[in-house]
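So the chains spell out like this:
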Amino acid sequence: SATNVLYQWTSTDAAAAAAVARLSPSATPPAGTLTSELDHRALEDGDKYVLLNDSHFDYGSGNGSFDSTLYQQHLAAGQCRQVDLNMSYWNLTCDSPLNYATPLYGYCMPFLLIITIISNSLIVLVLSKKSMATPTNFVLMGMAICDMLTVIFPAPGLWYMYTFGNHYKPLHPVSMCLAYSIFNEIMPALCHTISVWLTLALAVQRYIYVCHAPMARTWCTMPRVKRCTVYIALLAFLHQLPRFFDRTYIPLYIEWNGEETEVCHLETSLWVHEYIGVDLYYTSYYLFRVLFVHLLPCIILVTLNILLFAAMRQAQERRKLLFRENRKKECKKLRESNCTTLMLIVVVSVFLLAEIPIAVVTVMHIVSSLIIEFLDYGLANICIMLTNFFLVVSYPINFGIYCGMSRQFRETFKEIFLGQLVAKKESSSKYSIVNGARTCTNTNETVL
């Protein structure tokens, strides 16, 4: 959460759940979604509500000005948390240090947003063409859409908080607090979950194509792939659905900068207390995410990548044999299948490079919260910011992979933007600028 003032329900009976609730529902990059729940540190104070806010800090001259240097000195002096009666005051930047959040989320993220929107829009445009309609391309198109939405939803909040320097101000009215929670936490988590499961579906689909080809005619048809995509989106939505209703925002008024200002009072919803229990609710939610969104998908993807690479090596040996026997038609078909497999292995590998660090940090948090506390959450926040940032960096890379490794993707791209003449001229050529003559042994391009 980026609100300057937030209330968090805490209880000694729900200490474990409060610890788990430090981490956000997702590892979505731009939203600060992982750091948001780290910001909701619960303070054990019986069954009371505690105020989380900045305390006793002069923000400026009283005319709305803000001294950033003085503010950072205030934070460094350990004055983030102070107790006044039963009120503990705390600011977002205590757990989201500005020297990391501002350059990453405020300055770099807007450029990455533009690059991601352009690259992923081009991917969707090319893969949606009738000539590119295959089950594999349909999944790739869904991944591109989800990755793009993961960046788009939290963009306004990040710009407001970090690019325009409003992170120190109270977020109000209550509707704005709710909107910030939805667009910076819940929706990015939803889109990222769909993207993870679609990547897993892509790897499973390719494994069936390569290692169990007869099954592909039954299980990898376009109607089945479309239904699978709908089921994935529905399951991800049901997983995130309770997050829309598990918190209640109530308006409160404080004196801020010499004026009465409305801030958000955050409480865990009554239905969580009465019907589930806070500890059971948060424990089950985060354990589900750890197992089925982070840990198991990464393990399965690594395993499938290894199996696909081994199958590809075997296919290369078989292709050489076919070439020596002058069976060029079969050789060409096997080459195209091999190159498609290689391209998808690269796509999944890039995904794993960005996703595995997030899975590691999430698992460490759960272990630290439920078994033995060992994690430094100040350091964990910095790690989460960096992993979130590099996850966003990985999104536009897929466009470069498709352009570099798929001849049909390039030809379709040229046909859309340069006209059919250029595309027909290149497709009729017997030579590749990069790879020379188009034989079945000297090109690593795929036609998808």
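Just so it is clear, the structure is predicted and the values come from calculations on it, not from any experiment. Numbers given to residues run from 1 along each chain, matching the order in which its sequence is written. This being a predicted model, a pLDDT of at least 70 is required before a residue's local features are given, and a value of 80 or more before pairs of side-chain atoms are given or counted; all residues contribute to the totals for chains, interfaces and linings. Side-chain numbers come from the whole structure's heavy atoms, not from hydrogens or water.

### Brief notes about the overall build of the chain
Keep this limit in mind: Helix numbering and strand numbering both begin at the N terminus, where a helix is a DSSP run of H or I of at least 4 residues and a strand a DSSP run of E of at least 2. When checking whether two residues touch, look at their non-hydrogen atoms; a contact exists if any pair is within 4.5 Å. Computed with a 1.4 Å probe, the accessible areas rest on the Shrake-Rupley method; for each residue, only the protein chains presented here act as cover.
Summing up its helical and strand segments, the chain has 16 helices and 8 strands in all. Taking the contacts inside the chain whose residues are at least 6 apart along the sequence as the reference set, 77% of them involve residues at least 24 apart. Of the roughly 20,400 Å² that the chain leaves accessible, carbon and sulfur atoms contribute 65%.

### Regarding the environment of Ser181
Applied cut-off: When a residue's accessible area, from a 1.4 Å probe over protein chains only, is under 20% of the maximum for its type it is buried; when over 50% it is exposed; and in between it is partly exposed.
Position of Ser181 relative to the elements: it lies in helix H7 (residues 174–211). With a relative accessible area of 4%, Ser181 lands in the buried category. Through-space distance from the C-alpha of Ser181 to that of Phe244 is 8.7 Å; in sequence the pair is 63 residues apart. In this view, Ser181 contacts Ile186, Arg247 and Tyr249; residues no more than four positions away in its chain are not counted.

### Thoughts on the packing of aromatic side chains
Rules: Between rings of Phe, Tyr and Trp, where Trp is taken as its six-membered ring, a pair exists when centres lie within 6.5 Å; planes separated by under 30 degrees are stacked, by over 60 edge-to-face, and by other angles tilted.
Here the structure, examined in full by the defined rule, presents 13 aromatic pairs. Note on Phe244 and Phe245: the rings are 6.4 Å apart at their centroids and 50° apart in plane angle, and the pair reads as tilted. Both rings, one in Phe413 and one in Phe417, keep their centres 4.8 Å apart while their planes meet at 45°; by these two values the pair is tilted. On the criterion of helical spacing, the pair formed by Phe413 and Phe417 is a turn pair, its members being 4 residues apart in helix H15 (residues 407–418).

### Considering the pattern of salt bridges
Inclusion rule: One speaks of a salt bridge when a side-chain nitrogen belonging to Lys or Arg is within 4 Å of a carboxyl oxygen belonging to Asp or Glu.
Going through the model one piece at a time under the given rule, you end up with 4 salt bridges. With a closest N to O distance of 2.9 Å, Arg243 and Asp246 form a salt bridge. For the pair Arg243 and Asp246, a shared accessibility class is recorded, and that class is buried. Overlapping salt bridges, with partners in common, bring together Glu185, Arg243, Asp246 and Arg247 in one network.

### Focus: a nonpolar patch on the surface
Convention followed: Only residues whose relative accessible area exceeds 30% and that form no salt bridge enter a patch; like-charged residues are grouped when within 9 Å of one another, and nonpolar side chains (Val, Leu, Ile, Met, Phe, Trp, Tyr) when within 5 Å.
A surface patch of nonpolar side chains, amounting to about 860 Å² of accessible area, comprises Leu287, Val302, Ile306, Ile356, Val360, Met364, Leu370, Ile371, Ile372 and Phe374. The set of elements that each furnish at least two residues to the nonpolar patch consists of helix H11 (278–324) and helix H12 (328–370). Looking at which element gives the most residues to the nonpolar patch, the answer is H12, with 4 residues. Positionally, Phe374 belongs in the loop between H12 and helix H13 (377–394).

Don't take any of this as a statement about function, it's just geometry.
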